[in-house]
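Listed below, chain by chain, are the residues.
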Amino acid sequence: MSDKYKTVAYYPGCALEGTGHGYNRSTKAVARKLGLNLVEVPNWNCCGAMEVKNIDPEIQNYLSARNLSIVAEKMSIDTVMAPCNGCYHNLKKVEHDIAEKPKTQEVVDRLSQKAGHASYQAGEVETIHALDWLKEAIGEDGIRERVKNSLKGLKIANYYGCMYTRPRNIFPEKDQGGDSESTYQPHYMDDLLRAAGAEIVDYPLKTACCGGAHTLADSDTSTKLVLNLLQTAEACGADVIATECPTCHSGLEMHQVRAETEFGIKTSPKMLYFTQLLGLALGLSRRKLGIHENVSDAKELLKQKGLA
Amino acid sequence: MKTLGEIEQRLQDLRRDQRQNPLAAADELLGLAEQIMAHWLQSKDRVPTQEKREGFRLLALHRQGCIGDPSFNACRESCRELLYYHNLLHGAPEHAEVNSRLSMARAVALHLCLFVGGKMQDPELGDFCCSSRPLHTAGMVTA
């Protein structure tokens, strides 16, 4: 365990207050259990996700920069943790664009001045994902030491989705060799859940496309892609697909149901956030971890495995 | 060359057929993956390359497919995973896990087909996430 990331600014983002509420609840519960401090960014705003980005990517950049500016100016914390891949991606992207594109800094400066707050400058804040946070602050040894209810016997396929690793150029800290995270073969979730006792299956589609952003516009494409993700996890022997993004999680849950109703194909893997799984291993209850808030009902499975 | 629909059907059939010779199956899957890439390139009025990259035409085709469209990188790992299983199957055709490796190779090839097929219908698939581009550029305003 290191002091690094013991206290971080917490940027939950919109999804964690809605469909991803179980992720929010479990992230906070795990932090409390591990003695880590999450200080929520005051008066945070939407990262711009896809809605604003589709209208004007520079305004989307400004929205993300405003969140970073609050952390830099008001919180005296140099690290912000975003559990949602979309938020994490957008905060990383504005950091990259401000450093690389004068136009972005110019827009951020202008809009920040108009809004009456300090303009964010590249390098003032480090953005990390919930996986970076737990990997660094607690690590595998720290998890192993604290396990009260091992995940032994639970087979897990880890699904990282796309925005955690792509495009590579906005994640300069990845692919640095050694134990650094990989954009080709991400492994932080594997490392943490394995340390909690789970059996991690070799899942070849861990970053493959789920059609996420097209979920509503073209549901059949998304359903077919998700169905293949689910059937492949099943073929790997996975009981659970662990997720680390509310959009991926909702997409998997929603299209699992749709694949059954539209195509008559039923699949068995249950979806759980990795923080919910870690929380179970740390001895927290299903309710404290918001597992009852998931659409995918893992209650019976967890009972069978002695985890509930 | 098979149509994308025929390739998808063949991959679905292969998923159900567990009696295939692993080496022949590995080669067929690689050939189908190359055809999938060729469909993408031809839809962009490009001639699919015959060159190889890191010893495989599939990687050269994928690279060619990304030119001007970075979101096509969304299927980069699928191409590499398919080659990983192809190499495992060729390297150890008698291995105890040969059936499971073949099953994974089929799943990856099917994903490639579904992604490329989806992207040919909707070119913006992968734009928002994998290349961090807006989904819809028509009517866009600038700050």
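Residues numbered from 1 in each chain as written. Chains lettered and ligands numbered in written order. Predicted model: local features only at pLDDT ≥ 70, side-chain atom pairs only at ≥ 80, totals over all residues. Heavy atoms only, no water.

(A) Quick look at the domain arrangement of chain A. Residue and element names in this part refer to chain A. For chain A, the assigned domains are domain 1 (7-129) and domain 2 (149-304). Domain 1 and domain 2 are separated by 24 Å when their C-alpha centres are compared. Opposite the 25 residues of domain 1 that make contact, domain 2 presents 29 residues. For the pair domain 1 and domain 2, the summed buried area comes to about 2,200 Å², and 66% of that belongs to carbon and sulfur atoms. Across the domain 1-domain 2 interface, the total number found is two salt bridges. (Domains from an automatic or database assignment. Contact = heavy atoms within 4.5 Å. Buried area = accessible area lost by both parts, 1.4 Å probe. Salt bridge = Lys/Arg side-chain N within 4 Å of Asp/Glu carboxyl O.)

(B) Local environment of the sheet that holds strand β8 (residues 270-273) of chain A. All names here are of chain A. An order of β6-β5-β7-β8 is seen for the four strands of this open sheet, with the pairing classed as parallel. Two strands close off the open sheet at either side, each with one partner strand: β6 (199-200) and β8. Bridge count for strand β5 (residues 155-159) against β6 is two bridges, and the pairing is parallel. Paired with Lys155 across the two strands is Glu199, which belongs to β6. (Pairing = 2+ DSSP bridges. Helix = DSSP H or I, 4+ residues; strand = E, 2+ residues; numbered from the N terminus.)

(C) Region of the structure containing the pattern of salt bridges. Under the counting rule described, the total for this entry stands at 22 salt bridges over all chains. A salt bridge links Lys135(A) to Asp191(A), with the shortest nitrogen-to-oxygen separation between them at 2.6 Å. Separated by 56 residues along the polypeptide, Lys135(A) in helix α6 (residues 130-137) and Asp191(A) in helix α8 (residues 188-195) bring together distant segments of the chain. With respect to class, Lys135(A) is no different from Asp191(A); both count as buried. The partner of Glu8(B) in a salt bridge is Lys224(A), and the shortest N-O contact between them spans 3.6 Å. (Buried < 20%, exposed > 50% of the residue type's maximum accessible area, 1.4 Å probe, protein only.)

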